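Examining the three-dimensional arrangement
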Amino acid sequence: MKIKPFKVEQWMNEYENDAVYNIAETCVYSITLNELMDLTGVNREQFWEKLSDQRLTYGHIQGSPDFKKGVAALYKTLKEENILSTHGAIGANHLLLYSLVEPGDRVISVLPTYQQLYSIPESFGADLKILKLREENEYLPDLEELRSLVNSNTKIININNPNNPTGALMPTDMLMKIVEIARSVDAYILCDEVYRGLSQNEEYQESIADLYEKGISVSSMSKIFSLAGLRMGWIASPSREVMEKSSQHRDYNMISCGIFDEAFSALALKHAEIILGKSREIVRRNLEILDRWVEDQPRISYVKPKAGTTALLSYDFDIPSRDFCISLLKEKGVFLTPGSCFEMEKCVRIGYAASTKELKEGLGKMGEFLETLSD
Ligand SMILES: Cc1ncc(COP(=O)(O)O)c(C=O)c1O
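What counts and how
Residues numbered from 1 in each chain as written. Predicted model: local features only at pLDDT ≥ 70, side-chain atom pairs only at ≥ 80, totals over all residues. Axes fitted to C-alpha atoms, helices over the stretch in contact; angles between N-to-C directions. Helix = DSSP H or I, 4+ residues; strand = E, 2+ residues; numbered from the N terminus. Parallel < 35°, antiparallel > 145°, perpendicular 65-115°, else oblique. Left-handed = near helix turned anticlockwise from the far one by under 90°. Contact = placed C-beta atoms within 7 Å. Nonpolar A, V, L, I, M, F, W, Y, C, P; charged D, E, K, R; others polar. Core = buried A, V, L, I, M, F, W, Y, C linked by C-beta atoms within 7 Å. Buried ≥ 20, exposed ≤ 12 C-beta atoms within 10 Å, placed from the backbone. Domains from an automatic or database assignment. Expected span 1.5 Å × (residues − 1). pLDDT = per-residue confidence, 0-100. Pairing = 2+ DSSP bridges. Right-handed = clockwise from strand over helix to strand, strands pointing away.

**Remarks on the packing of helix α13 (residues 321-332) against helix α14 (residues 356-372)**
At a minimum axis separation of 10 Å, α13 and α14 run at an interaxial angle of 110°. Judged on the interaxial angle alone, α14 and α13 are roughly perpendicular. In this structure, α13 crosses over α14, and the sense of that crossing is right-handed. Contacts from Leu 328, Glu 331 and Lys 332 of α13 reach α14 at Lys 365, Met 366, Glu 368 and Phe 369. Residue classes in the contact of α13 with α14 are distributed as three nonpolar, no polar and four charged.

Structure, rendered in structure tokens:
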């Protein structure tokens, strides 16, 4: 089956290791196992002893009870039976799209977003429609446009909240309007919520899975818990049909997740508020630094993110975004992601949840680079 290259993943693969200042990363600065143990205050000896005594079987096929319990607690209305473990959110999105969509079905996806959400359904012949997120709307969807895109053949609406790359956050009333539109044609809503909870204020961020009977939330341990190395993600939905169809496909490509990965994830989830608190502290402190930097840059502008770990920085030089990023990396060691990875130009994505030191130094070097550019 042909599929378009996944631009952002290819970009990372090709250049990430050359970075001196990696401010392209989307995870909140990843932690070590030692830090996880310190943060949770777990008794290390007991934890290791229990883990070491476990026979290395496949474990619980659909996710261990402790893992599912921890995930369910991140939602208002879901229980363990509403959770399915996957290899990262990337595994969850892939599984869902293959399980729920048939060739010819209408699929609507926001853009910019994580490319899976539109390129996978397109690859197997879905009738893909793009719902463009525009800067003048602060990168929030135009609901009238969405209304005009849905028809009786619409199987799924793919959204991403908070959004990567823009950092836009759809408020609850907007999510409810999207639910009303989806319900009018009996469509699922897949909401990629890997950045959910990483807000700039204390307001609770609703999940689509708590708002809609055909809502599907996808998330993982990678971004908000700083544990991408565990490669653990999940599907969460009140819909029995989603669980059944996804489980049926899942049997063919994963059996189960690793029991060590599940054990560390369950530990982090049990202490979710502590880890999330630390992550929020980082994104709030770092966004302030980024915001001050943008204010000082005459050729850079942005829509200040409301949540998540990323922002789109628009520049007013006449340079393709890929060339901009390659020159910046080669000349100053600063690694960003070109807008072209999101089908956009004259902008770059920054991941500001890096270590504060790396962000500050990277921005300093980027400032020097901008001064060398002419019109
Ligand atoms: C919106 C979004 N979804 C999914 C993923 C995949 O994350 P993971 O598989 O590490 O959970 C990413 C990673 O960048 C992302 O930004």
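**Things to note about the nonpolar core**
Counting residues in hydrophobic clusters, the biggest one holds 99 residues, and the most contacted among them are Ile 23, Ile 189 and Ile 216. Here this core takes seven residues from helix α5 (residues 88-100), the largest share from any one element. A domain split of this core shows at least three residues from each of domain 1 (7-32 + 274-370) and domain 2 (56-271). Look past the residues within four positions of Ile 216 in its chain and what remains in contact with it is Leu 96, Tyr 188, Ile 189, Leu 190, Cys 191, Ile 208, Ala 209, Ile 235, Ser 237 and Val 242.

**So, unusual backbone geometry**
Here the bond from Leu 111 into Pro 112 is cis, since omega is 5°, no more than 30 degrees from zero. Counting through the fold element by element, Pro 112 comes out in the loop between β3 (106-111) and α6 (116-123). You will see that Ser 226, though not glycine, has its phi angle at about 60°, which is positive. With respect to the helices and strands, Ser 226 occurs in the loop between β7 (215-220) and β8 (233-236). One non-glycine residue, Arg 231, lies in positive phi territory at about 50°. The residue Arg 231 is located in the loop between β7 and β8 in this model.

**Remarks on helix α11 (residues 259-270)**
Helix length check: α11, at twelve residues, gives a terminal C-alpha distance of 16 Å against a target of 16 Å (1.5 Å per residue), a fit within 8%. Buried residues of α11: Asp 261, Glu 262, Phe 264, Ser 265, Leu 267, Ala 268 and Leu 269, and no others.

**Concerning the confidence of the model for the protein chain**
Averaged over all residues, the pLDDT of the protein chain equals 97, while 100% of them reach at least 70. Looking at the elements of the protein chain, mean pLDDT is at its lowest for helix α3 (residues 44-52), recorded as 96, and at its highest for strand β6 (residues 188-192), recorded as 99.

**Comments concerning the pairing of β3**
Counting buried residues in β3 gives five out of six residues, a clear majority hidden from the surface. As paired strands, β3 and strand β4 (residues 127-132) are joined by six bridges and run parallel to one another. By the bridge assignment, Val 107 is partnered in β4 with Leu 128. Taken together, β3, α6 and β4 form a β-α-β motif whose crossover is right-handed. Pairing of β3 with strand β5 (residues 154-160) involves four bridges; the strand directions are parallel. Residue pairing in the sheet places Val 107 in a bridge with Ile 156 of β5.

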